[in-house]
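# Structural description and commentary
Here's the letter readout for the chains.
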Amino acid sequence: MVAAVAFDDVSCAFGPVLAVDRVSLEVREGEFFTLLGPSGSGKTTCLRMIGGFQFPTRGRVLIHGADATRRPPYERDVNTVFQDYALFPHMNVRDNIAYGLMVRGVGKAERYRRADEMLELVHLPGSGARRPAELSGGQRQRVALARALINRPRVLLLDEPLGALDLKLRESMQVELKALQRQVGITFVFVTHDQQEALSMSDRVCVFDRGRVEQTGTPEEIYDRPATRFVAGFVGTGNLLEGAQAQRLAGVDSAVMLRAERIAIEPRRAGGVPGVVKEVEYLGAFIRYIVDAGDGVELLVNAARREFERGAEVTLTWPEAACHRVPEARA
Amino acid sequence: MRSERRGGASRPLIAGALAGMAFLHVPMLFIFLYAFSSEDQTYLFPPPGLTTKWFGVAWERPDVWQAIRLSLEVATVTTALALVLGTLAALALARTRFFGREAVSLLLVLPIALPGIVTGIALRSAYGLSGIPFGFWTIVVGHATFCIVVVYNNAVARLRRTSPSLVEASMDLGADAFQTLRYVLLPSLGTALLAGGMLAFALSFDEVIVTTFTAGQQTTLPIWMLQELVRPRQRPVTNVVAVVIVALTFIPILAAYYLTRGEEHASGGRL
């Protein structure tokens, strides 16, 4: 099957700054694909190259197999939900949503009918006559979604669309977005710096750092088997053990990543790794211990209950399979 | 919001404010008064008698009508020119980055900082050297040099406040550059262009200095008034014209006030 979006050795430079550095990737038809990375990692630039707002300085961008490298935005079968929503302030909600049909010459009755359908789809029926300024952040978000979907694009681009929402709303919108994607069956390319968001929503995640792809895979692959140190550190809470520490604690001679929730903590006994509790953080759903495991090694341990206080002597154990080897350098 | 304070201002402050207002507006009242004076050689106070005959006299004088007509024509054409060129310049300079952008921007706003007399002399010698005959279009071009600036400044300020992603969103939804200009950029510039256009019209309508250098035999209204004051002949006619102009000026001022009244609320939602 032809990829919905493909990057073939794409770079993008802004003057001397290389924002995207020889990236190749494939987004499959119909999947929820997330570009994850810290700010300045090149993920938004990649999204803008799919949308046509930015042209690569080398390489090719293919959309459904056709070369779209230098095609303008209005000739691409791709629509975008912008980070600031970019609703037209001088138009009401209905005209905003119908804009894509209006510029294509669809008649007024037909485009208003379809705009109202889209309002139903995003659970905002009856608010067509309101102005964007009268809407809450979450409502603007829905209008932006409806506006981007009305042209029935084959790929929808979402640039940190949940970034401006408060936590509760963000969580419910995550569920809703995912459901919407299943309902409309359109390929979603989603940009975020929030690893939890990326893991919970995506079919596949592509992790970016400094303009390059670190790893592409399912959320489970990214979380359980990080391909690089950067991914191990950026996604989830983990302990990266290297060199002598890895040898001593895990019995292997390469760097290993050990997730904080895979470590069991119990009162001091024979066997396992002895340690002293250095700090206890209460995080609501769980407790995080910072344990001094000797030789200056500090391990993060997530536990369900608060059983130990600072200074407690404990023993740490973990199954051998919990240690994931992390390659020394990016392949 | 706090309610207005009552009796908060001190007496000297009130007196000072009233004196300031009087200084600004009482001379206007004298203009009105002398439009009705029966003495037509000098401005005697108090006027020896009051009459409305000067309104009839002014109505009958063809030079008044010619001056008003020329001024309106010049101001209209200048404003139209300034709106088109000023908007285009603002669109070109607001967002894009190119070599020499700052220099172009400076050159564009320079005419408003330049003393009118310098602009006037410069244009006059330029017209003279290129053998362009003085007339309607030389006046228009002279006025346009500074009218473009006020439109440009208004438009550029508005464009800087509108989110650049609006343009991208429009293109993303399938609109080409022309449709984006028509449906997104111009509507969001609307009131800025209205304000800029009115200011440009007003600047052109009462311009004296540059006009003195760039006009040929024609007299615009301000020049006509100046000439009337120097050569006394039916002096109150000048005042009558002034009164009529003041009255007419209220129409666009009120119109602008009502058209832009909802603006502050609407712009609150802009990102």
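Every residue gets a number counted from 1 within its own chain, in the order that chain's sequence is written. Just so you know, chain letters begin at A and ligand numbers begin at 1, following the order they were written in. Restriction of local features to residues with pLDDT of at least 70 applies here, the model being predicted, together with a cutoff of 80 or more for giving and counting side-chain atom pairs; totals for whole chains, interfaces and linings are based on all residues.

## A closer look at the overall build of chain A
Inclusion rule: Helix and strand assignments come from DSSP, with helices taken as H or I runs of at least 4 residues and strands as E runs of at least 2, each series counted from the N terminus. Counting other C-beta atoms within 10 Å of a residue's own tells you its class, since 20 or more makes it buried, 12 or fewer makes it exposed, and anything in between is partly exposed; those C-beta atoms are placed from the backbone. A pair of residues counts as a contact when their C-beta atoms, built from backbone coordinates, are separated by no more than 7 Å.
Each helix and strand counted, chain A has nine helices and 18 strands in total. Overall, chain A is about 80 × 45 × 35 Å in size when its C-alpha atoms are taken along their principal axes. Here chain A holds 331 residues, and the buried ones make up 42% of them. For chain A, the proportion of contacts with a sequence separation of at least 24, taken over those separated by at least 6, is 62%.

## Some points on the overall build of chain B
Per the secondary structure count, chain B includes twelve helices and zero strands. Moving toward the C terminus, one meets the helices and strands of chain B in the order α-α-α-α-α-α-α-α-α-α-α-α. If you line up chain B on its principal axes, its C-alpha atoms span 75 × 65 × 30 Å. Burial analysis of chain B (271 residues in total) assigns 30% to the buried set. Nonlocal contacts in chain B, meaning residues at least 24 apart in sequence, comprise 77% of its contacts between residues at least 6 apart.

## Focus on the interface of chain A and chain B
Stated precisely, the cut-off is as follows: Under the grouping applied here, Gly and all other residues not named as nonpolar or charged are polar, the nonpolar ones being Ala, Val, Leu, Ile, Met, Phe, Trp, Tyr, Cys and Pro and the charged ones Asp, Glu, Lys and Arg.
The partner chain B presents 20 residues to the 22 residues of chain A that form the contact. Of all the secondary structure elements, the ones that give two or more residues to the side of chain A that touches chain B are β6 (78-81) and α2 (93-102) of chain A. Looking at the side of chain A that touches chain B, its residues break down into twelve nonpolar, six polar and four charged.

## Here we look at the domain arrangement of chain B
Residues and elements named next belong to chain B. Put simply, the rule reads: As used throughout, domain bounds are those supplied by an automatic or database domain assignment.
Per the domain assignment, the segments making up chain B are domain 1 (31-60 + 220-259) and domain 2 (74-218). The centre of domain 1, based on its C-alpha atoms, is set 32 Å off from the matching centre of domain 2. In this assembly, seven residues from domain 1 lie in contact with eleven residues from domain 2. Of the residues contributing to the side of domain 1 that touches domain 2, the split by class is six nonpolar, one polar and no charged.

## A look at the sheet that holds strand β18 (residues 323-325) of chain A
All names here are of chain A. Note the threshold: At least two DSSP bridges between two strands are required for those strands to pair. Every axis in this analysis is a line fitted to C-alpha atoms, fitted for helices over the stretch in contact. Angles between the N-to-C directions lie between 0 and 180 degrees.
Taking strand neighbours across the sheet as the criterion, the three strands line up as β11-β12-β18 in an open arrangement whose pairing is antiparallel. The open sheet is flanked by β11 (238-241) and β18, the only strands paired with a single partner. In this sheet, adjacent strand axes meet at a mean angle of 30° when their direction is disregarded. Along the sheet, helix α9 (residues 243-250) contacts β11, β12 (256-259) and β18; its crossing angle with β11, the most-contacted strand, is approximately 110°.

## Points about the domain arrangement of chain A
When its domains are assigned, chain A resolves into domain 1 (5-233) and domain 2 (244-325). Each of domain 1 of chain A and domain 2 of chain A was reduced to a C-alpha centroid, and the two centroids are 39 Å apart.

## What about the sheet that holds strand β14 (residues 273-282) of chain A?
All names here are of chain A. Strand order in this open sheet of five strands is β13-β17-β14-β15-β16, and the pairing throughout is antiparallel. One side of each edge strand has no neighbouring strand; the edge strands of this open sheet are β13 (264-267) and β16 (298-303). The mean inter-strand angle of the sheet, taken between neighbouring strand axes irrespective of direction, is 45°. Where β14 meets strand β15 (residues 287-292), six bridges bridge the pair, whose relative direction is antiparallel. If you follow Tyr282 over to β15, its bridge partner there is Ile287.

## Details of the environment of A:Phe55
Residues and elements named next belong to chain A. Following the sequence through the fold, Phe55 ends up in the loop between α1 (43-51) and β4 (58-63). The partly exposed category is assigned to Phe55, around which 13 C-beta atoms lie within 10 Å. Excluding anything up to four places from it in sequence, Phe55 contacts Thr69 and Arg70.

## What to know about helix α7 (residues 165-172) of chain B
Burial within α7(B) is extensive, with six of its eight residues counted as buried. Those residues of α7(B) lying buried are B:Leu166, B:Val167, B:Ala169, B:Ser170, B:Met171 and B:Asp172. Those residues of α7(B) hidden inside the fold are in contact with α1 and β6 of chain A together with α8 (177-205) of chain B. Positive backbone phi, at 110°, marks B:Gly174, one or two positions downstream of α7(B).

## A word on helix α5 (residues 167-184) of chain A
All names here are of chain A. Which entries qualify depends on this criterion: Expected helix span is taken as 1.5 Å per residue step, with the number of steps being one fewer than the number of residues. The directions from the helix axis to the C-beta atoms form the arc being described.
Between its terminal C-alpha atoms α5 stretches 26 Å, which fits the 26 Å expected from 18 residues at 1.5 Å a residue. The set of residues buried in α5 consists of Met173, Leu177 and Gln181. Down the axis of α5, the buried side of the element spans an arc of 75°, and every buried residue falls inside it. Summarising the geometry of α5, the exposed residues directed more than 90 degrees from the buried face are Lys168, Ser172, Val175, Ala179, Arg182 and Gln183. Buried residues belonging to α5 abut β3 (32-36), α4 (137-149), β8 (187-192) and α6 (195-201).

## Remarks on unusual backbone geometry
Residue and element names in this part refer to chain A. One non-glycine residue, Arg210, adopts positive backbone phi at about 45°. Mapped onto the elements, Arg210 comes out in the loop between β9 (204-209) and β10 (212-217). Under the C-beta neighbour-count criterion, Arg210 is labelled partly exposed, with 15 such atoms within 10 Å. Unusually for a residue other than glycine, Asp295 sits at a positive phi of about 55°. Relative to the helices and strands, Asp295 is located in the loop between β15 and β16. Using a count of 9 C-beta atoms within 10 Å as the deciding quantity, one classes Asp295 as exposed.

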